Amino acid sequence: MSPFVAIEQVGKEFALGSGERYIALKGIDLEIRKGEFVSLIGHSGCGKSTLLNMIAGLDLPSDGVVMLEGDRISRPGPDRMVVFQNYSLLPWLTVRENIALAVDEVLAHLSKAERYEIIERNIDLVGLRHAADKPPGQLSGGMKQRVSIARALSIRPKLLLLDEPFGALDALTRGNLQEQLMQICEESHVTAVMVTHDVDEALLLSDRVVMLTNGPESKIGQILEVDIPRPRKRLEVINHPSYYSMRSEIIYFLNQQKRIKQLRARKKGAIARHGLEKVNLEIGFVPLTACAPLAVAQEKGFFTHHGLDEVSLVRESSWRGIQDGIAGSYLDAAQMPSGMPVWLTLGGMDGKSLPIVTALTLTRNGNAITLDERFLTQGVHTLSDLKRVLLETADKRHTFGVVHPASMHNLLLRYWLAAGGIVPDQDVQVTTIPPAQMISNLQADSIDGYCVGEPWNVRAAVEGIGYTIATDLEIFPGHPGKVLGVREDWAQAYPNTHVALVKALLEACRYCMDEANHEEIRAILSRKEYLGVDINYIYLGDPNPMVCDVQEAPKEYAHHLFYGQGVNRPSRTEHLWMMTQMARWGDTPFPRNWVEILERVCRVSVFSTAARELGLSEITYSRGAIQLFDGVTFNTDDPIAYLNDLAIKHDVYMADIHLDTALPKAV
Amino acid sequence: MVAKAGTRSSGNTFSESMRSFWKKNGQGILLPAIGIISFLVIWQFLSSTGITRLPAPSSIFTEKRTRELLFYPFLDRGGLDKGLFWQTLASLTRVAQGYTAAAIVGIGLGILVGTKPKVNQALDPIFQFLRMIAPLAWVPITLIALPNVQLAAIFVIFITAVWPILINTTVGVQQIPQDYKNVARVLKISPRKYFLKILIPSALPYIFTGLRIAIGLAWLAIIAAEIVMSGVVGIGFFIWDAYQQNYVSEVILAVIYIGAVGLMLDRLMALLQRLILPNQ
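Residues numbered from 1 in each chain as written. Chains lettered and ligands numbered in written order. Predicted model: local features only at pLDDT ≥ 70, side-chain atom pairs only at ≥ 80, totals over all residues. Heavy atoms only, no water.

A. Region of the structure containing the overall build of chain B. Check the secondary structure of chain B and you find twelve helices and zero strands. For chain B, the N- to C-terminal ordering of α and β elements is α-α-α-α-α-α-α-α-α-α-α-α. Within chain B, buried positions represent 38% of all 280 residues. In chain B, of all internal contacts separated by at least 6 residues, the share reaching a separation of at least 24 is 66%. (Helix = DSSP H or I, 4+ residues; strand = E, 2+ residues; numbered from the N terminus. Buried < 20%, exposed > 50% of the residue type's maximum accessible area, 1.4 Å probe, protein only. Contact = heavy atoms within 4.5 Å.)

So, in structure tokens, the structure goes:
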């Protein structure tokens, strides 16, 4: 069956006064099913109203076609009725006459009595019986919009188009009208497209939210399916477990668009100096204790020392921001969760392979699993306790937060759960939440626990919101935490810069490892431009012993490892382990050409060059096989057999991941 | 409570209501009255001292001819010797004819020009050129072009009044909000209905502005036209005739008539506008 509305490769250009052309929209592809409610959301000037007007036929696309039930839309018509932003009621007609104007014209084939009946029914539908004979000038904004909706519905359009229908209304009126509109749409199975800039409105009303990127050349950035069951209630949807993650998804998108605009304005070409190809670097980080090497390299002048004079650190609130910054080339390099280089290379992001290389592991350890305080009252001290409680409360949905699908936290948490016989995504849900929002989510009971880096475990324990059930020492001691990642094409375009960057950060890592500097580093990290949290939550070494005191015999806390033998060298074995874990949970396919992928991702040569030039060759030691807490040894020779032997896993896909021969490309 | 107050003061309701009326409107009546009276007093003084040759305002009553004209406006001795009412009526009739023609042509052409940008482009220079020509300048041309003086006078009224109507109508039509046009396009409203339900109501305030400016201009133009086109009954020629015979106080009386009629015409249009467009 062909889609109800099909928008195919639609673009729109406007002529500017100066004879230039402004490309507002480009390459828009969207299909809308019958009965679906779709919202278009984006910043002002992103062309969302233009797109709506093209569906209405008020505006024609410069490229591509818009089709309704297989017919090309070339002019406006009553089958696609628009509810305009400013109501567009005729002020010299009464409410009834305004509706009658539409009904008499469009439904002229009906008898007078039938038309009268339709008009009266629609007046009642929007509750305007008392105002039927008043001109619009005597109505409030909300009432006017109700007339506009009644006029639109009265002519029974195939498609209802709403252009920021509630934008000019106060919050209370808006809420009531949203519910009325939703009810009407559900009762009469209307297909609707709505332009809005209100995230909550989009989530409440829509089946799908289409997010548009900033102009010029706006395109569809992302489409979010809103799977909240209908009928929905305005005050109840927010309690849906995925409401806040969907909301933050949209808000993230909108913020990202704003940031891209700022970065675009700031972006300048590469500045070559001191024999380096580029000294003006934008390096992304997420505020965590693990960002210490980056902060130290900046504050203690390690970047400058190695010739990188113009480094600016870009603080991202989530790993998603890092991922998009690298993918969009807005960041030169970034602190990444250790799994992200492989994950991006394997096409974890939208199934498109983005080759990333890593030449330095910045930190190890520093992660822990925190459970909600209420599990403590249920006597959960170990993994098997947790399984028992989960079995007892099987009717309840349990959710754990991780920071990114490719982060070690996700892999560790899933490994840990699976080792205890708990199947992730089945017995418990795993959802992505930015690190800094973990505590508030735990407090709001929207998650039951999380696996995240410091300071968020210490803080939950100190504030009595949650407690640490397991640290990474108990799961995978010495696992890679954060790595330095850059795009492969970037590494090829700026090889000397890459080495200088690794050198600066390696020195910073060594600085972080020296306990004599810890007080100074904690002070740096607590500053607003880095973590911006109380210094008492930031520990580089052993934190306050109270954190792990739920155990009968408090265990050693897995403090961060920043530097040491085998700590910083990128390890193919570890990346292979992460590759198998991501394949295990069906996140990325397992590459048949895994040897090639590992060679491409782990730039051991860059690390070795940097270490040698710093005179630190003693640390380039390769680690042996990996053994985790459950006693299973990871066999690097045959990862496929390892995957096959796992008891708890999702569907594992194998694929050839074809990487383009990376050519040097100026970024 | 209101009723009680009413019964108590029923004896002097009239004086009471007079007092409240005065309280409300006193200033509005008093100040203009002071202004007018002082103006007349100064004029009277200047005339009596002989600084100006202009007769004093009191001459309207003191001059016999003028007093007759003032008290017997409906007098008709045939020919050009008619009372001021008939003179004014003759002028007004001409204005009505020319103005009606101007309104029909101006509104019709204005709608055409407003809806068709290409027509607008073609005709706009001509309009801008023609509207700059003073009414009096048209007189010789019309006297040559048209068969009789009556028609020429009406044409001068027409050509003076048509421009503000035409231009305001054009702007009014061009100013129809895109929203209304979009509603019409989406609903596929028939051209006839679009004209009646959207175009006319939307442009009406502009059209009325044009009509109101035009009535003032038309009244200005008729006086000038009649002065030049001698030998017709009309207030304009009356003034000219009186001046030629040196009946200056008659001129003053006629001027008062002209001012009063002009004021009435403007108020009439304003009233019409209020009746048709109560919300504007």
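From this point, the narrative continues.
B. Examining the overall build of chain A more closely. Scanning chain A for helices and strands turns up 24 helices and 24 strands. Counting the 667 residues in chain A, one finds 58% classified as buried. Expressed as a percentage of contacts within chain A between residues at least 6 apart in sequence, the contacts between residues at least 24 apart total 74%. Working note: accessible area of chain A is about 26,200 Å², and carbon and sulfur atoms make up 49% of it. (Areas by Shrake-Rupley, 256 points an atom, 1.4 Å probe, with all protein chains shown as cover.)

C. Region of interest: the sheet that holds strand β11 (residues 280-285) of chain A. Residues and elements named next belong to chain A. A sheet is described by the order of its strands in space; here five strands give the open sequence β12-β11-β13-β20-β14, paired in mixed fashion. In the strand order of this sheet, the two ends are held by β12 (310-315) and β14 (356-364), each with one partner. The mean angle between the axes of side-by-side strands here comes to 25°, regardless of whether they run parallel or antiparallel. Across two bridges, β11 lies against strand β13 (residues 333-337) in parallel orientation. Its bridge partner lying in β13, I283 is registered against A333. Against the sheet, helix α10 (residues 319-327) contacts β11, β13, β14 and β20 (480-487), and its axis sits at roughly 140° relative to β13. (Pairing = 2+ DSSP bridges. Axes fitted to C-alpha atoms, helices over the stretch in contact; angles between N-to-C directions.)

D. Just the sheet that holds strand β1 (residues 5-15) of chain A, in detail. All names here are of chain A. In spatial order, the strands read β2-β1-β4-β5; together these four strands make up an open sheet with antiparallel pairing. Either end of the sheet is taken by a strand with one partner, and the two such strands are β2 (21-32) and β5 (71-72). Bridging between β1 and strand β4 (residues 63-68) involves five bridges; their strand directions are antiparallel. By the bridge assignment for β4, G11 is matched with D63. Its contacts with the sheet put helix α1 (residues 48-56) on β1, β2 and β4, and the angle it makes with β1 is roughly 120°.

E. The pattern of salt bridges, seen in detail. Residue and element names in this part refer to chain A. Considering all chains together, one arrives at 40 salt bridges over all chains under this definition. The salt bridge involving E36 is made with R33; its shortest N-O contact spans 3.0 Å. In this structure R33 comes out as partly exposed when scored by relative accessible area, which is 48%. Bridged by salt links that share partners, the residues R96, E120, D124, R129 and D133 form one connected network. (Salt bridge = Lys/Arg side-chain N within 4 Å of Asp/Glu carboxyl O.)

F. Representation of the nonpolar core. Judged by nonpolar contacts, the single largest core of 149 residues is most densely connected at I7, L160, L181 and I250 of chain A together with Y99 of chain B. The element contributing the most residues to this core is helix α10 (residues 191-228) of chain B, with 15 residues. Apart from residues no more than four positions distant in its own chain, I7 of chain A is found in contact with I28, D29, L30, L51, I55, V65 and V66 of chain A. Membership of the second largest hydrophobic core comes to 129 residues, among which are V357, V499, V502 and I524 of chain A. (Core = buried A, V, L, I, M, F, W, Y, C linked by side-chain atoms within 4.5 Å.)

G. Main features of the environment of L254 of chain A. Structurally, L254 of chain A can be placed in helix α7 (residues 243-266). L254 of chain A sits in the buried class, given a relative accessible area of 11%.

H. Seen up close, the interface of chain B and chain A. Taken together, the contacts link 15 residues of chain B with 23 residues of chain A. With both sides pooled, the region where chain B packs onto chain A buries about 1,800 Å², and carbon together with sulfur makes up 67% of that total. When the buried surface of chain B facing chain A is broken down by residue, Y180, V186 and L187 of chain B rank first, second and third, together holding 34% of it. If you look at where chain B meets chain A, you find one salt bridge. Across the chain B-chain A interface, the total number found is five residue pairs in polar contact (both at pLDDT 80 or more). Of all elements in the fold, only α9 (178-187) and α10 of chain B reach the threshold of two or more residues within the side of chain B that touches chain A. Looking at the side of chain B that touches chain A element by element, the count peaks at seven residues for α9 of chain B. Among the residues forming the side of chain B that touches chain A, the class breakdown is seven nonpolar, three polar and five charged. (Buried area = accessible area lost by both parts, 1.4 Å probe. Polar contact = N/O pair within 3.5 Å; in protein donor to acceptor, adjacent residues only side chain to side chain. Nonpolar A, V, L, I, M, F, W, Y, C, P; charged D, E, K, R; others polar.)

I. The packing of helix α19 (residues 495-513) of chain A against helix α23 (residues 604-613) of chain A, seen in detail. All names here are of chain A. Direction vectors running N to C along α19 and α23 enclose 60°, while the axes themselves pass 9 Å from each other. The angle between α19 and α23 places the two elements in the oblique class. As α19 packs across α23, the resulting crossing turns out to be right-handed. Within the contact between the two elements, α19 uses H498, V499, V502, K503 and L506 and α23 uses V606, F607, T609, A610, A611 and E613. (Parallel < 35°, antiparallel > 145°, perpendicular 65-115°, else oblique. Left-handed = near helix turned anticlockwise from the far one by under 90°.)

J. Local environment of a nonpolar patch on the surface. Residues and elements named next belong to chain B. Residues F21, W22, I29, L30, L31 and I34 make up a contiguous nonpolar surface patch of roughly 590 Å² in combined accessible area. Within the secondary structure, W22 sits in helix α2 (residues 13-49). The class for W22 is partly exposed, based on a relative accessible area of 45%. (Patch = residues over 30% accessible without salt bridge, like charges linked within 9 Å, V, L, I, M, F, W, Y side chains within 5 Å.)

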